[in-house]
Amino acid sequence: MKLDQIGQALASCYDNLVAEGIPDHLAALVRRVDHAERTMPAKADGPEARIVLVVEDERNTRELAESVLEETEMRVIGCDSAERALSVLQERGGDVALVFADIRLAGAMDGLQLARAIATLWPRTRLVVTSGVEPEPGVALPEGAVFIPKPWRAFDVLVEAERAARDPSPPVS
């Protein structure tokens, strides 16, 4: 069974899985299936490949998001901190189509600070911010950023990835 078929089946019952506490075990299963499929020819991964950054300090959640986003044509890079994400952006900022970041991160910067920095320095990069709690009242996301509450559905994440791959954000004037 292909990983995308597994993903479609899981997306249809994800809310029930979350209620039962299965995502951690699911992430391990997806990693094993994904590893088996890596023996197949790889997608475009050269200098022309667009990049998705997954910024999440919780390893299992980051790996689950990476597995979901690997279903796209974009290269996926996981980062455990905002600082690591900024390092990747400094090297490959023009290639980064999407940043999917948790609000609460280990390190000096949180996901909102990271989103603001990206909106300023790389305005064509699409931003998706996620958290198990709503942003505090009065805390605004950068213009054009999307908030997806946890537990997120794979479908919602993939929709945003498709938008990023198909239609990059317009440059800020």
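Scroll up to find the structure.
These lines cover the structure that appears in this document, whether it is placed above or below. A quick note: this is a predicted structure, and the numbers were derived from the prediction, not measured. (Residues numbered from 1 in each chain as written. Predicted model: local features only at pLDDT ≥ 70, side-chain atom pairs only at ≥ 80, totals over all residues. Heavy atoms only, no water.)

## Digging into the overall build of the chain
Helices and strands together make up the secondary structure of the chain, namely seven helices and five strands. For the chain, the α and β elements follow one another from N to C terminus as α-α-α-β-α-β-α-β-α-β-β-α. The long-range fraction of contacts in the chain, counting pairs at least 24 apart against all pairs at least 6 apart in sequence, stands at 67%. With an accessible surface of roughly 9,500 Å², the chain has 52% of that area assigned to carbon and sulfur atoms. (Helix = DSSP H or I, 4+ residues; strand = E, 2+ residues; numbered from the N terminus. Contact = heavy atoms within 4.5 Å. Areas by Shrake-Rupley, 256 points an atom, 1.4 Å probe, with all protein chains shown as cover.)

## Section: helix 5 (residues 82-92)
Turning to helix 5, its buried residues number three or more, namely Ala 82, Ala 85, Leu 86, Val 88 and Leu 89. An end-on view of helix 5 places all buried positions within 160° of arc, on one side of the element. Relative to its buried face, helix 5 has exposed residues pointing more than 90 degrees away, namely Gln 90 and Glu 91. The elements touched by buried residues of helix 5 are strand 1 (51-55), strand 2 (75-79), strand 3 (96-102) and helix 6 (111-121). (Buried < 20%, exposed > 50% of the residue type's maximum accessible area, 1.4 Å probe, protein only. Arc of directions from axis to C-beta.)

## Examining the sheet that holds strand 5 (residues 146-149)
One open sheet accounts for five strands, arranged 2-1-3-4-5; its pairing is parallel. Each end of this open sheet is capped by a strand with a single partner; those strands are strand 2 and strand 5. When the angles between neighbouring strand axes are averaged without regard to direction, this sheet yields 20°. The sheet contact formed by strand 4 (residues 126-131) and strand 5 spans four bridges and is parallel. (Pairing = 2+ DSSP bridges. Axes fitted to C-alpha atoms, helices over the stretch in contact; angles between N-to-C directions.)

## A closer look at the side chain of Ser 81
The residue Ser 81 is located in the loop between strand 2 and helix 5 in this model. A polar side-chain atom of Ser 81 sits 3.1 Å from the main-chain amide nitrogen of Arg 84. The contacts of Ser 81, once residues within four sequence positions are left out, are Val 55 and Ala 106. (Polar contact = N/O pair within 3.5 Å; in protein donor to acceptor, adjacent residues only side chain to side chain.)

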